[in-house]
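Listed here are the chains, written in short residue letters.
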Amino acid sequence: MTATSSTAPWILKRAFQAFGLSRPLHPTNSNLSFSRALRCLPPKPPLRHSALGICQLAQAIKGDVDVLLKGVGDKSAIEEVKHVLEMARRASSRRQVLHTDFLTPPVLKESMLVLEKVADVKTVAQGGYPQAERCRISVGHPEALTSDPDIVVALSITGNFGFQPCSHGDFLGAILGTGIAREKVGDILLQGEKGAQILVVPELVDFLTSSLDKVGNVSVACTTIPLLALQYEPPRTKSFKTVEASLRVDAIASAGFKISRSKLVDLISKGDVRVNWTTVTKNGITLKTGDVVSVSGKGRLKEK
């Protein structure tokens, strides 16, 4: 015990010197513990210039993001565009290539416009075929993104649809019914009695081919096909004029697609009518200039 007491002041004195304390330990304070000595340590030094520089850089980037988002025309797409922009910043700084899920046309359009203004970021949009509405965006530093990544896979859903035709909503409902999120699925190309062709993310191919066995009441088989095997019609456009009592979606779409009002209401109830790529459930929605109305299997029209 005596030997221990005599060495304690010397050990504590060395500890104080190691931590830069100028006041020496008094010999009589032999019972001062190490924990108390550590509590006497000086406060941490303030942030160095390098740390402050990182903080300032983060604030500058946030400021740039806010400025870029102010230019987004479709305000409903701001949050998704912000996510894409942050992904692009991260991919560029790390020299990586990152990919979004399938984006709706409004988000895709606004994201591509914003990314054009960001330095050291290259972008590639792919939906599986030239006229694809829903696309994925690949972002990365130009030195990393040197070719188009394989991020879209085509699947063929076949069955006996001759007596039980299924709509776009039927196919989408069957796919989502397996537990897949909507953003993991791209366009759905109806093939009449043959079924449909769909675009999906590669990581879900095995799951879908083994899990999707029925659409509506029709038993189906789901197989992978090359993107070149996709069957789609090139877009055809024409203008028309109509005089309607109101700008309700059922009135305008009925005139534009030349189908009866009752038939259009039935399509709305099935989820086959979309306004600005959002499924509508009520036929009384009023359209405004610039709105895009899509009807599965019929095409789309734009209110001017």
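Structure: see above.
Because the structure is a prediction, the values reported are computed rather than measured.

An order of β10-β9-β11-β12 is seen for the four strands of this open sheet, with the pairing classed as antiparallel. Lying at the two open borders of the sheet, with one neighbouring strand each, are β10 (278-279) and β12 (299-302). Strand direction decides the pairing type here: strand β9 (residues 273-275) and strand β11 (residues 292-295), joined by three bridges, are antiparallel. Among the inter-strand pairings, V273 is bridged to a residue of β11, identified as V295. Packed onto the sheet, helix α8 (residues 249-257) meets β9, β11 and β12 and runs at close to 115° relative to β12.

Before going further, it helps to examine the packing of aromatic side chains. Inspection of the entire model under this criterion finds two aromatic pairs. Seen in terms of ring centroids, Y129 and Y232 are 4.8 Å apart; in terms of plane orientation they differ by 40°. Their pairing is tilted. Separated by 103 residues along the polypeptide, Y129 in the loop between β2 (122-126) and β3 (136-140) and Y232 in the loop between β8 (218-225) and α8 bring together distant segments of the chain. On the basis of an interplanar angle of 45° and a centroid distance of 5.3 Å, the ring pair of F161 and F171 is categorised as tilted. Here the residue F161 occupies a position in the loop between β4 (153-159) and α6 (168-176), and F171 occupies one in helix α6, the gap between them amounting to ten residues. For the pair F161 and F171, one class covers both residues: buried.

Okay, the sheet that holds strand β6 (residues 195-200) next. Across the sheet, which stays open at both edges, the five strands sit in the order β5-β6-β4-β8-β7 with antiparallel pairing between neighbours. Each of the sheet's edge strands pairs with one partner strand only, and the pair in question is β5 (185-190) and β7 (214-215). In the packing of α6 onto the sheet, the strands contacted are β4, β5, β6 and β7, and the crossing angle to β5 comes to about 140°.

With respect to the secondary-structure elements, V201 resides in the loop between β6 and α7 (205-211). Once the C-alpha coordinates of V201 and I151 are considered, the two residues, 50 residues apart in sequence, prove to be 6.2 Å apart. In contact with V201, not counting residues within four places along its chain, are F102, R136, I151 and K184.

Two numbers describe how α8 lies on helix α9 (residues 261-269): the axes approach to 9 Å, and their chain directions differ by 115°. As the angle between them shows, α8 and α9 are arranged roughly perpendicular. When the axes of α8 and α9 are compared, the crossing they make is right-handed. Between α8 and α9, the residues in contact are V249, D250, A251, A253 and S254 and R261, L264 and I268, respectively. For the contact of α8 with α9, the residue count by class is five nonpolar, one polar and two charged.

So, on to unusual backbone geometry. Although it is not a glycine, R95 sits at a positive phi angle of roughly 55°. Structurally, the position occupied by R95 is in the loop between α4 (78-93) and β1 (97-99). Residue R95 is classed as partly exposed on the basis of its relative accessible area, which comes to 48%. Positioned with a positive phi, K258 is a non-glycine residue whose angle comes to about 55°. Residue classification places K258 among the exposed residues on the basis of a relative accessible area of 68%.

Calculation rules
- Residue positions are counted from 1 within each chain, in the order its sequence is given.
- Where local features are concerned, this predicted model is filtered to residues with pLDDT of at least 70; where side-chain atom pairs are given and counted, the filter is 80 or more; whole-chain, interface and lining totals use all residues.
- Side-chain calculation: all heavy atoms of the structure are included, whereas hydrogens and water are not.
- DSSP bridges decide pairing: two strands pair if at least two such bridges lie between them.
- Per the convention used, a helix needs a DSSP run of H or I reaching at least four residues, while a strand needs a run of E reaching at least two, with both numbered from the N terminus.
- In this analysis, two residues are considered to be in contact whenever any of their non-hydrogen atoms come within 4.5 Å of each other.
- Here the axes come from fitting lines to C-alpha atoms, over the contacting stretch only for helices, and the angles between their N-to-C directions go from 0 to 180 degrees.
- Two aromatic rings, drawn from Phe, Tyr or Trp (for Trp, its six-membered ring), form a pair once their centres lie within 6.5 Å of each other, and the interplanar angle then sorts them: stacked below 30 degrees, edge-to-face above 60, tilted otherwise.
- The buried label applies to any residue whose accessible area, calculated with a 1.4 Å probe on protein chains only, is under 20% of its type's maximum; exposed applies above 50%, and partly exposed to all values in between.
- Comment on the angle field: the value is read as roughly parallel under 35 degrees, roughly antiparallel over 145, roughly perpendicular from 65 to 115, and oblique elsewhere.
- Each crossing is labelled by how the near helix is turned from the far one, with a counterclockwise turn of less than a right angle marking it left-handed and a clockwise turn marking it right-handed.
- Polar here means any residue outside two lists: the nonpolar Ala, Val, Leu, Ile, Met, Phe, Trp, Tyr, Cys and Pro, and the charged Asp, Glu, Lys and Arg; Gly therefore counts as polar.

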